[in-house]
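A closer look at the structure
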Amino acid sequence: MLIETDIAGLPVLVIGPIGLTDAAERRYRRAGAQVISVQSPDAVTPVLVEWAGLAVLVDAARDWGPARAALAGSVMLVEEEAPHAARGRVVLVGAGPGSAGLLTLDGLRALADADVVLTDRLAEVGDVAALAPGAEVIDVGKLPGHHAVPQTEIERIMVERALAGLTVVRLKGGDPYVFGRGGEEVAAAVGAGVPVTVLPGVSSAVGVPGAAGIPVTHRGVSHVVTVISGHVPLEDHRATALAQLGGTVVVLMGMNNLVPIAAALERCGLDADTPAAVVERGFTPDQRSLVGTLGTLPGLVERRGAASPAVIVIGEVVRQSEVWARRAGARELEVVG
Ligand code: SAH
């Protein structure tokens, strides 16, 4: 059970060995709690027990019998696993494609432990501040003038905070390593000597087609799936390779280039009747699917005003979706939801 509670003003005792309670103290203070730390098993006096609303047992303190006995029955206890490293660190967290429910449990824990969260996906994971109580949340997708913060600046902020001893979570849409510049951010951390871990996320490349009932592989239909970026031109030699490879083609960041991408695939050998779909804003209340063929999809997208963020799926697997079944004879279909 995940319990969210407002701890502003709550009297909190942070109990643990000297040097290991700092991170917990910092987090609870930032979340607005009143914090007193106790660093020996028998320093939990009746006055402190009377005062405290919550006691956090850090590291070895989880086994401090006298402290537990003093608190038993009157103060709510929270146990913290490992102490934070004295050095700062960076955790890249994949937030998934649309809703906070698709964040992993490890991602959720990393957010809960964060001192700083760098995010450019505020809208997609909902209220980051609630998932990372006490953390400083920096939206690097926007500057006051609404321009995105340049990648080098994001990396600079990330490394600078970690070198200052803080736990920095870099929250990224989908999976950090799928067209997400995760590799560059890991390299920046490694280059600065900052420990870094990467927690995967549900990628829109697989998850969003699935949200529209399109399996990217299907036994007997497609055993190959190729994920491409539509941000760069699809040269003919690649389009030919894709047409020959068969299977499913998933295009991310492709909405502005759908017309040339579809044209290149047709020109290079893919049948214009190949089923094709666009799934917009997957896993949000505004999710919408447009289903047609390679030949009809660009016109359909134009007429319905479909826009980014959206995933384009091309291949026979599109027939597996209920959306396709409902299309029944019609040349195209728009399905909302
Ligand atoms: N790292 C991300 C992808 C980043 S590129 C991941 O693994 O999902 C951004 C592209 O992802 C968008 O242009 C769009 O093609 C796709 N995308 C991300 N979230 C999406 C969503 N909720 N619905 C549809 N497409 C999405």
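Residues numbered from 1 in each chain as written. Predicted model: local features only at pLDDT ≥ 70, side-chain atom pairs only at ≥ 80, totals over all residues. Heavy atoms only, no water.

Around the ligand there are 18 residues in total, and Pro 97, Val 178, Ser 203, Ser 204 and Ala 310 lie nearest to it. A distance of 2.9 Å separates an oxygen atom of the ligand from a polar atom in the backbone of Asp 175. Notes on the ligand: free accessible area 550 Å², of which the protein chains cover 94%. Sorting the residues of the shell around the ligand by element identifies helix H8 (204–211) and strand E14 (310–314) as the ones contributing at least two each. For the shell around the ligand, the per-class residue count stands at 10 nonpolar, six polar and two charged. Counting contributing residues per domain, the shell around the ligand is built from domain 2 (89–202) and domain 3 (205–336), each supplying no fewer than three. (Near = heavy atom within 4 Å. Polar contact = N/O pair within 3.5 Å; in protein donor to acceptor, adjacent residues only side chain to side chain. Areas by Shrake-Rupley, 256 points an atom, 1.4 Å probe, with all protein chains shown as cover. Helix = DSSP H or I, 4+ residues; strand = E, 2+ residues; numbered from the N terminus. Nonpolar A, V, L, I, M, F, W, Y, C, P; charged D, E, K, R; others polar. Domains from an automatic or database assignment.)

A word on the sheet that holds strand E8 (residues 167–172). Here we have five strands laid out as an open sheet, ordered E7-E6-E8-E5-E9, and parallel in their pairing. Edge positions in the open sheet fall to strand E7 (136–139) and strand E9 (196–199), since each of these has one partner strand only. Sheet twist, expressed as the average angle between the axes of neighbouring strands with direction ignored, equals 20 degrees. Taken together, the four bridges between strand E5 (residues 89–94) and E9 define a ladder with parallel strand orientation. The residue of E9 that forms the bridge with Val 93 is Leu 199. Most of the contacts of helix H4 (residues 105–113) go to E8, to which it runs at about 135 degrees, and overall it touches E5, strand E6 (116–119), E8 and E9. Strands E5, E8 and E9 of the sheet are contacted by helix H7 (residues 182–191), whose axis makes an angle of about 160 degrees with E9. (Pairing = 2+ DSSP bridges. Axes fitted to C-alpha atoms, helices over the stretch in contact; angles between N-to-C directions. Contact = heavy atoms within 4.5 Å.)

Okay, the environment of Leu 294 next. Mapped onto the secondary structure, Leu 294 falls in the loop between strand E13 (288–293) and helix H11 (297–304). Residues Leu 294 and Asp 273 lie 21 residues apart in sequence; the distance between their C-alpha atoms is 6.1 Å. Look past the residues within four positions of Leu 294 in its chain and what remains in contact with it is Ala 262, Leu 265, Glu 266, Leu 270, Asp 271, Ala 272, Thr 274, Ala 276 and Ile 314.

On the surface, a nonpolar cluster with roughly 310 Å² of combined accessible area is contributed by Phe 179, Val 225, Val 227 and Met 253. You can see Val 227 is positioned in strand E10 (residues 225–229). (Patch = residues over 30% accessible without salt bridge, like charges linked within 9 Å, V, L, I, M, F, W, Y side chains within 5 Å. Salt bridge = Lys/Arg side-chain N within 4 Å of Asp/Glu carboxyl O.)

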